[in-house]
Amino acid sequence: MNVKRYPSLSHWGAFTAVVADGRLQACEPFERDPAPSAILQSMPGMVHSPLRIARPAVRKGWLERREGADRAARGSEPFVEVGWDAALELVTEELARMRGQYGATSIFGGSYGWSSAGRLHHARTLTHRFLNAGGGCVNQAGNYSWGAAQFLLPHVIGTYAPVTGRVTDWKNVAAHTRLFVAFGGLPLRNTQITSGGAGEHSTPRWLEQARRAGVRFVIVSPTRADVPAGLDARWIPIRPNTDTALMLAMVHALLADGRHAADFVHTHCAGFDRFADYVAGRADGQPKSPEWAQGICGVPAAEIRALARQAAGTRTLLTCAWSLQRAHRGEQPYWAVIALAAALGQIGLPGGGFAFGHASMNGVGNPRPGVAAPEMSAGANPAGKSIPVARIADMLLQPGEPFEFNGRTDVYPDIRMVYWAGGNPFHHHQDLNRLLRAWSRPQTIVVHESWWTPTARRADIVLPATTTLERNDIGGSSRDRFVLAMHKALPPQGQSRNDFDIYRELAARGGFEDAFTEGRDEFQWLRHIYAGLAANWRGGGFEVPEFDAFWRAGYLELPEPAQDFVLFGDFRRDPAAHPLKTPSGRIEIYSERIAGFGYADDCPPHPAWIPPAEWLGAPAAARYPLHLVTSQPADKLHSQLDAGAVSTAGKIHGRERVQLATADAARRGIADGDLVKVYNARGACIAAAVVHDGVMPGVAIMSTGAWFDPAGDALERHGNPNVLTLDIGTSRLTQAPSALSALVEIAKWEGEAPPVRAFEAPAFAGRAA
Ligand SMILES: Nc1nc2c(c(=O)[nH]1)N[C@H]1C(S)=C(S)[C@@H](COP(=O)(O)OP(=O)(O)OC[C@H]3O[C@@H](n4cnc5c(=O)[nH]c(N)nc54)[C@H](O)[C@@H]3O)O[C@H]1N2
Ligand SMILES: Nc1nc2c(c(=O)[nH]1)N[C@H]1C(S)=C(S)[C@@H](COP(=O)(O)OP(=O)(O)OC[C@H]3O[C@@H](n4cnc5c(=O)[nH]c(N)nc54)[C@H](O)[C@@H]3O)O[C@H]1N2
Ligand SMILES: [Mo]
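Going by the annotation in an unreviewed UniProt entry, the name recorded for the protein is Molybdopterin guanine dinucleotide-containing S/N-oxide reductase, with Pigmentiphaga soli given as the source organism. Its UniProt record, at the heading Cofactor (unreviewed entry), says of the protein: "Mo-bis(molybdopterin guanine dinucleotide)".

What follows covers the overall build of the protein. Counting its secondary structure elements, the protein contains 26 helices and 31 strands. In summary, the protein has a C-alpha radius of gyration of 26 Å against a globular reference of 27 Å for 769 residues, a match within 12%. Counting only C-alpha atoms, the protein reaches 80 × 65 × 55 Å along its principal axes. Counting over 769 residues, the protein shows a buried share of 63%. Excluding contacts between residues fewer than 6 apart, the proportion of contacts in the protein whose partners are at least 24 apart in sequence is 75%. Entry remark: accessible area of the protein is about 25700 Å², with carbon and sulfur atoms responsible for 49%.

What follows concerns the pairing of strand β3 (residues 23-29). In terms of strand pairing, strand β2 (residues 13-20) meets β3 through six bridges, oriented antiparallel. Paired with V19 across the strands is L24, a residue of β3. The turn joining β2 and β3, which pair antiparallel and follow one another in sequence, is formed by two residues; a positive phi near 55 degrees is taken by D21.

This part takes up the site of ligand 2. Around ligand 2, a shell composed of 33 residues is seen, among which D226, N241, D243, S360 and P633 lie nearest. The side chain of R189 places a nitrogen or oxygen atom 2.8 Å from an oxygen atom of ligand 2. Between P633 and ligand 2, the recorded distance is 2.7 Å, taken from a backbone N or O atom to a nitrogen atom. Class assignment for the residues of the shell around ligand 2 results in 16 nonpolar, 12 polar and five charged. Of the domains in this structure, domain 3 (147-366 + 568-597) and domain 4 (619-748) are the two that each give at least three residues to the shell around ligand 2.

Let us now look at the domain arrangement of the protein. Parsing the protein into structural domains produces domain 1 (3-47), domain 2 (57-142 + 391-555), domain 3 (147-366 + 568-597) and domain 4 (619-748). If you average the C-alpha positions of domain 1 and of domain 4, the two centres end up 31 Å apart. Of the residues lining the interface, eight residues belong to domain 1; the matching set on domain 4 comes to 11 residues. Of all residues in domain 1, I39, S42 and M46 bury the most surface against domain 4, accounting for 65% of the area lost on that side. Joining domain 1 to domain 4, the criterion identifies zero salt bridges. Our count for the domain 1 to domain 4 interface comes out at two residue pairs in polar contact (both at pLDDT 80 or more). Taken together, the residues of the side of domain 1 that touches domain 4 break down into five nonpolar, three polar and no charged.

Our next topic: the sheet that holds strand β10 (residues 234-236). In spatial order, the strands read β10-β9-β8-β12-β13; together these five strands make up an open sheet with parallel pairing. On the outer flanks of this sheet lie β10 and β13 (353-356), each paired with one strand and no other. On average, each strand axis in the sheet is tilted by 20 degrees relative to the strand beside it, whichever way the strands run. Bridging between strand β12 (residues 316-320) and β13 involves four bridges; their strand directions are parallel. Bridge pairing in β13 places L318 opposite F354. Against the sheet, helix α13 (residues 301-312) contacts β8 (179-183), β9 (216-220), β10 and β12, and its axis sits at roughly 130 degrees relative to β10.

The next thing to look at is the side chain of R74. Structurally, the position occupied by R74 is in the loop between α2 (60-65) and β5 (79-81). Beyond its immediate stretch of four places on either side in the chain, R74 contacts R59, W439, S440, P442, Q443, T444, I445, R458 and D460.

Glancing now at the nonpolar core. In this structure, F183, F356, I587, V678 and I746 are the most contacted members of the largest nonpolar core, which totals 175 residues. Not counting chain neighbours up to four residues away, the residues in contact with F183 comprise V220, D243, L246, M247, L318, T319, C320, A321, L324 and V337. Counting 50 residues, the second-largest nonpolar core is a separate cluster that includes V82, L90, F130 and A507.

The tally for this structure, following the rule as stated, stands at 59 salt bridges. Linking E64 and R65 is a salt bridge whose minimum nitrogen-to-oxygen distance equals 3.4 Å. Owing to a relative accessible area of 43%, R65 belongs among the partly exposed residues under this scheme. Several salt bridges converge on common partners, so that one network encompasses R32, K171, E200, R205, R481, E557 and E560.

Lining the immediate surroundings of ligand 1 are 32 residues, of which H428, E449, S639, Q640 and N722 lie closest. Contact distances for ligand 1 include 3.5 Å between an oxygen atom and a backbone N or O atom of G423. One of the backbone N or O atoms of H448 is found 3.0 Å from a nitrogen atom in ligand 1. Surface burial for ligand 1 is 97%, taken as the share of its 920 Å² of free accessible area covered by protein chains. Elements supplying a minimum of two residues to the shell around ligand 1: α16 (425-428) and β18 (444-449). Built from parts of two domains, the shell around ligand 1 gets at least three residues from each of domain 2 (57-142 + 391-555) and domain 4 (619-748).

The residues that UniProt annotates with the feature "domain: Molybdopterin dinucleotide-binding" (unreviewed entry) are residues 626-739. Across residues 626-739, helical content stands at 10% and strand content at 28%; the span's end C-alpha atoms are separated by 15 Å.

The strand order across the open sheet formed by three strands is β1-β2-β3, and the pairing between neighbours is antiparallel. The open sheet has two free edges, formed respectively by β1 (3-10) and β3, since each of these has just one partner strand. Ignoring strand direction, the axes of neighbouring strands in this sheet form an average angle of 30 degrees.

The phi dihedral of S115 is positive, around 35 degrees, even though this residue is not glycine. Relative to the helices and strands, S115 resides in the loop between β6 (107-108) and α4 (123-133). Residue S115 is classed as buried on the basis of its relative accessible area, which comes to 15%. In this structure, Q735 is a non-glycine residue whose phi angle is positive, near 50 degrees. Within the secondary structure, Q735 sits in the loop between β29 (715-716) and β30 (742-748). Accessibility expressed as a relative area gives 11% for Q735, which makes it buried.

The rules we used
- Residues numbered from 1 in each chain as written.
- Chains lettered and ligands numbered in written order.
- Predicted model: local features only at pLDDT ≥ 70, side-chain atom pairs only at ≥ 80, totals over all residues.
- Heavy atoms only, no water.
- UniProt positions renumbered as here; feature names shortened; annotations may be inferred.
- Helix = DSSP H or I, 4+ residues; strand = E, 2+ residues; numbered from the N terminus.
- Rg over C-alpha atoms; globule rule 2.2 N^0.38 Å.
- Buried < 20%, exposed > 50% of the residue type's maximum accessible area, 1.4 Å probe, protein only.
- Contact = heavy atoms within 4.5 Å.
- Areas by Shrake-Rupley, 256 points an atom, 1.4 Å probe, with all protein chains shown as cover.
- Pairing = 2+ DSSP bridges.
- Near = heavy atom within 4 Å.
- Polar contact = N/O pair within 3.5 Å; in protein donor to acceptor, adjacent residues only side chain to side chain.
- Nonpolar A, V, L, I, M, F, W, Y, C, P; charged D, E, K, R; others polar.
- Domains from an automatic or database assignment.
- Buried area = accessible area lost by both parts, 1.4 Å probe.
- Salt bridge = Lys/Arg side-chain N within 4 Å of Asp/Glu carboxyl O.
- Axes fitted to C-alpha atoms, helices over the stretch in contact; angles between N-to-C directions.
- Core = buried A, V, L, I, M, F, W, Y, C linked by side-chain atoms within 4.5 Å.

Written out as structure tokens, the structure is:
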């Protein structure tokens, strides 16, 4: 057997692809990775899976009647396989027709999604690059990961860099932090992933170093599973979406005890006094006391007081998982944690202050010099139009309607054509039954995919894309010290082509090939991207080999920085010399700018408790008494590799699991392993119950990622929780997704459950020339 080995990279880690007889046999973890992810083991099966899209395919009705076809038949009608030439001609004609008849803002090219770790062949970037070069499109602003933070934090601290990963680093934490309070916990499952790819899974070793250094951990979360195994941490169970009340009450306790940092809030903050008035209840008559908070968040008042005292008495770092802001009113916990950290007065001190996402992704807080990661440019969008990323269904359902966003009022464009490559909206969006209705609005939907995902099945024109293993690329992340060469290990499977080549050919047909390629082929682009990286690193004082040496070695490594990074260390030392990029130059605990937007009911000018639309204290809880938390899946990245060996091994009766507390299960006659129906007014899905007492009563937890498998009547068979989630913006300020604010009820599934069809290829109605 002729065995070959190729260096490669994925968002779940670097690896060596072992290939024999034209097939991927194994993915061996990168030798420099101390904690590789098991997700790698799903790749061999998936790369050669019968779910791969073999040839270009066109929905039958669309092929026959184009814009006259029944758009609601997407997903149920068979496909006709066509040759590449015919497929590319159809896409070219449609784009030209749209641009000619309706203009660039009739084409939605947001294409949100993760696609590959390789940066040249990053499908979403290439989609933007292609559509921008061809005249523009409607794009998306922000992301599902930390969209509320992205648009809130600049008003408060002048930057959103702390959610891109630049927070007080772990080395500094181990050396200086004594108390580490993690709202949303430290679920190590999430640190399997780095956007752009991890050379080294570093979070486990840094956490271990902090533990050995004697840092005490407090985990505030609705589930004990957010306490990493082996960490002797205190678990404080909390009702979902109520951390703001807990944080406000901690400030109340500090103020009441006179333990707050009166000097710091005076020298480094703006508007703390007005916020303190609110906390004291001087305006609304309601002191935000620990007793008040207990009634909301379920944490005993005495415990809130004790935590506030403990935090004030030692060096304390407060960190919030990104999940806290992926919820209705998600701005508030992020602003409140900054206000609490300000009251503690340790912002900018070693090991103190606030941070975000220390375990939301690998590499957050990883000590790394602040130089660039490899990048591919998408160019500017001549149409100059975008919507907040999570408002896609609103946009498709309400063309011409106004919406507010970050101080501006805009109007939803009238979308006739949707173009998607490298994302799975039937994974990532909320209230998928509503998205189905929205999806039936556009005339034409084009998708590039490698597999028959729920989104590919719901397209009119499907173009088969290669996977990372079938092309050459370069990958890396600004949170990781390694940059990886990704060698082509396999020929394109079936008739698939690289997204780059698909767009190059489409650009050629449209007469703008040079604008898309800038005259470079794959290797010329890799050299070009590398040259940009090398120049940046050399400017930072690092030695970098020539491209060919890098390509042969398979990777490039940055040394650990000599100096710790402390968030806002400079500003702390000298706020006049290092002002923040806020209107006052300080941390804005009260924001005049946000006050000017007039969003008082959903984003007032200081952190506040405003009940979310759905939470355990909402009126709807009488009918749907369980708060559904949807977390990131341990055994895959989002919906990627859901049909793979690692993910399918974790399913029960082929379905996603739902975790619930023993008392909640008993009350409903549900036993561990039972199939259940999880439902609310928006929809229902079938899941398998996992019953234990590591979940707070009143809470149900499901991982995202099961491929959407609707059976009609709003029943989803596979356990995709996004049929249940709420599709509204977090607030008019940031319009981010409210995925984590959903109430549900659960009942035992009686009788035979309909079989899961998610992993069957769609029906074909023949092949055209
Ligand atoms: N309820 C709920 N919903 C959520 C979340 C939550 O916490 N709760 N989390 C949200 C978050 S943070 C995120 S980031 C989103 C993630 O949402 P997505 O990024 O949309 O999810 P993925 O499953 O990663 O989708 C990527 C798709 O790209 C395809 N792909 C991979 N490589 C290539 C390629 O080279 N070319 C092409 N053409 N396609 C490729 C994959 O097959 C896959 O179908 O989900 C969001 N949705
Ligand atoms: N294995 C794996 N890792 C991943 C991903 C993946 O798909 N798979 N996706 C990656 C991506 S794109 C992103 S953006 C990050 C997301 O990172 P996060 O947003 O941090 O991840 P989540 O799993 O959504 O939530 C983390 C924890 O928050 C807790 N939580 C939920 N709601 C609340 C609340 O109201 N209060 C408190 N105190 N806790 C709460 C949940 O118990 C959950 O375990 O994960 C990344 N890591
Ligand atoms: Mo994300």
